[in-house]
Amino acid sequence: MIALAALASFVAAAPGVTGCTPSDITAPELFKRTDHALESLFKGAYHVVARTLSNQGAVTLAEMAWNGNDYKTTVRQAEFTSSFGENRGTKWRQDANGIVMRSLSFVGQDDPFSFALNRNQDTIVAVKLLGLTNGSAPEYVVEVTPLRDFEQWRYYDAKTYLLSRVEMTDYRGRKTTWIYKTNPTAIGSSFPTTIDEEKDGVVTLRTSVVTFERVAPGALDLRIPPSNFLFDLGGREAVDIPAHFTDEGIIVPIAIEGRGLDVYLEIGRASCRERV
């Protein structure tokens with residue numbers, strides 16, 4: 001389910017995954033059962049508010065709304081507000097300055113795990129069903145490796161087929177774990193009421209669902225919001241920007257609140273240093 005957050009044969013257990021036995025189903029079969037477990041949530045329109053509290057006391061509110069494949073999430077932290085969503089196949093983002101960017105491939109750019117999971121699990125080698133854990137509450141373990149040294153292990157309850165835990169390692173070998181706690185709801189399905197984020201075994205973020213309600217589709221505004229303008233061109237189509245082409249790169253002098261700064265332009269990014 002995108003708003004909350006945006007969801008083979010047996011192989012040797014990966015690092016951090018122990019005690020697996022061969023699975024009785026394949027990865028595509030597991031994902032079909034997972035979709036079926038959340039089927040009622042995919043139908044209709046919903047409004048959700050979630051509150052995240054960090055171990056340092058910072059509070060973030062996320063207001064989510066979706067109807068079918070269209071969704072919108074607004075995140076508020078202190079005085080900053082940003083949004084993102086999808087409308088009729090076009091993904092968009094609005095930053096804290098009100099600037100809206102559209103794209104057809106945000107998932108592939110920003111979440112390689114979701115990109116891999118949304119592809120055909122029959123053929124893609126980045127998604128493997130490792131097996132079934134032992135114990136009184138067995139779970140199916142899925143390994144997702146979209147990029148080298150960038151790995152994720154997803155645990156699905158063997159009875160409900162709902163996601164219960166996600167473990168991830170980044171390029172530096174740092175491990176982050178998300179623990180999903182679910183409860184039955186009046187709408188006939190289960191959804192995470194609390195999500196704990198752990199780093200090195202310590203809870204750093206705790207997200208709790210404040211409200212979860214089914215609403216009339218017409219009550220939701222999932223349209224792409226209008227964008228603010230970063231610059232006022234005064235009716236002109238183009239503006240001359242002073243720039244210096246040097247051996248160090250392209251330098252654009254700017255001033256912010258009286259401070260002289262030099263912006264260094266590179267392919268795909270920019271850096272800045274104070275002018276002396």
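These numbers come from a predicted model, not from an experiment.

Draft legend 1. Just the overall build of the protein chain, in detail. In terms of helices and strands, the protein chain carries four helices and 18 strands. Counting across all 276 residues of the protein chain, residues that qualify as buried make up 38%. Counting every atom, the protein chain has about 17000 Å² of accessible surface; 53% of that belongs to carbon and sulfur.

Draft legend 2. Expanded view of the pattern of salt bridges. All told, the structure shown has ten salt bridges when counted by the stated rule. One salt bridge in this structure joins Lys-91 and Glu-86, with 3.5 Å as the shortest N-O distance. Take Lys-91 and Glu-86: they sit in the same class, and that class is buried. A salt bridge links Arg-165 to Glu-167; the nearest nitrogen and oxygen atoms lie 3.2 Å apart. A relative accessible area of 23% places Arg-165 in the partly exposed class. By sharing partners, the salt bridges in this structure join Glu-139, Arg-165, Glu-167 and Lys-175 into a single network.

Draft legend 3. Focus on helix H1 (residues 27–37). Along H1, the positions that sit buried rather than exposed are Ala-27, Pro-28, Leu-30, Phe-31 and Thr-34. Across the axial projection of H1, the buried residues extend over an arc of 155°, all falling on one side. Among the exposed residues of H1, those oriented more than 90 degrees off its buried face are Lys-32 and His-36.

Draft legend 4. Layout of a nonpolar patch on the surface. Taken together, the side chains of Leu-230, Phe-231, Leu-233, Val-239 and Ile-241 make up a nonpolar region of the molecular surface, amounting to roughly 520 Å² of accessible area. Mapped onto the secondary structure, Phe-231 falls in the loop between strand E14 (202–215) and strand E15 (244–246).

Draft legend 5. Geometry of the nonpolar core. The biggest cluster of nonpolar side chains holds 23 residues, and the ones touching the most others in it are Leu-30, Tyr-140 and Val-142. Looking at this core, the elements that each hand over two or more residues are H1, helix H4 (112–117), strand E8 (127–133), strand E9 (139–147), strand E10 (150–157) and strand E11 (163–169). Residues within four places of Val-142 in sequence aside, it is in contact with Leu-30, Phe-31, Val-127, Lys-128, Leu-129, Gln-152, Trp-153, Arg-154 and Tyr-156. Ranked by size, the runner-up nonpolar core spans eleven residues in total, among them Leu-41, Val-48, Met-64 and Trp-66.

Draft legend 6. Quick peek at the packing of aromatic side chains. Scanning the entire structure with this criterion turns up six aromatic pairs. Ring geometry for Tyr-71 against Phe-84: centres 6.5 Å apart, planes inclined by 75°, an arrangement best described as edge-to-face. Here the residue Tyr-71 occupies a position in strand E4 (residues 70–77), and Phe-84 occupies one in strand E5 (residues 80–87), the gap between them amounting to 13 residues. Looking at Phe-84, the relative accessible area reads 33%, which means it is partly exposed. Pairwise contacts between aromatic rings join Tyr-46, Trp-66 and Phe-212 into one cluster. When the ring centre of Tyr-155 is taken as origin, the NZ or CZ atom of Arg-165, which lies over that ring, is 3.8 Å away.

Draft legend 7. How the structure looks around the confidence of the model for the protein chain. Here the protein chain shows a mean pLDDT of 82. Residues at 70 or above account for 81%. Predicted confidence is poor over residues 1–15, with pLDDT under 50, and the contacts of this stretch with residues over four places away or in other chains come to 37 contacts.

Draft legend 8. The environment of Asp-149, seen in detail. Mapped onto the elements, Asp-149 comes out in the loop between E9 and E10. Asp-149 sits 24 residues away from Gly-173 along the chain, and the two C-alpha atoms are 7.8 Å apart. In contact with Asp-149, other than residues within four places in its own chain, are Thr-169, Asp-170 and Tyr-171.

The rules behind each value
- Residues numbered from 1 in each chain as written.
- Predicted model: local features only at pLDDT ≥ 70, side-chain atom pairs only at ≥ 80, totals over all residues.
- Heavy atoms only, no water.
- Helix = DSSP H or I, 4+ residues; strand = E, 2+ residues; numbered from the N terminus.
- Buried < 20%, exposed > 50% of the residue type's maximum accessible area, 1.4 Å probe, protein only.
- Areas by Shrake-Rupley, 256 points an atom, 1.4 Å probe, with all protein chains shown as cover.
- Salt bridge = Lys/Arg side-chain N within 4 Å of Asp/Glu carboxyl O.
- Arc of directions from axis to C-beta.
- Patch = residues over 30% accessible without salt bridge, like charges linked within 9 Å, V, L, I, M, F, W, Y side chains within 5 Å.
- Core = buried A, V, L, I, M, F, W, Y, C linked by side-chain atoms within 4.5 Å.
- Contact = heavy atoms within 4.5 Å.
- Phe/Tyr/Trp six-rings, centres within 6.5 Å; stacked < 30°, edge-to-face > 60°.
- Lys NZ or Arg CZ within 6 Å of the ring centre and 35° of its normal.
- pLDDT = per-residue confidence, 0-100.

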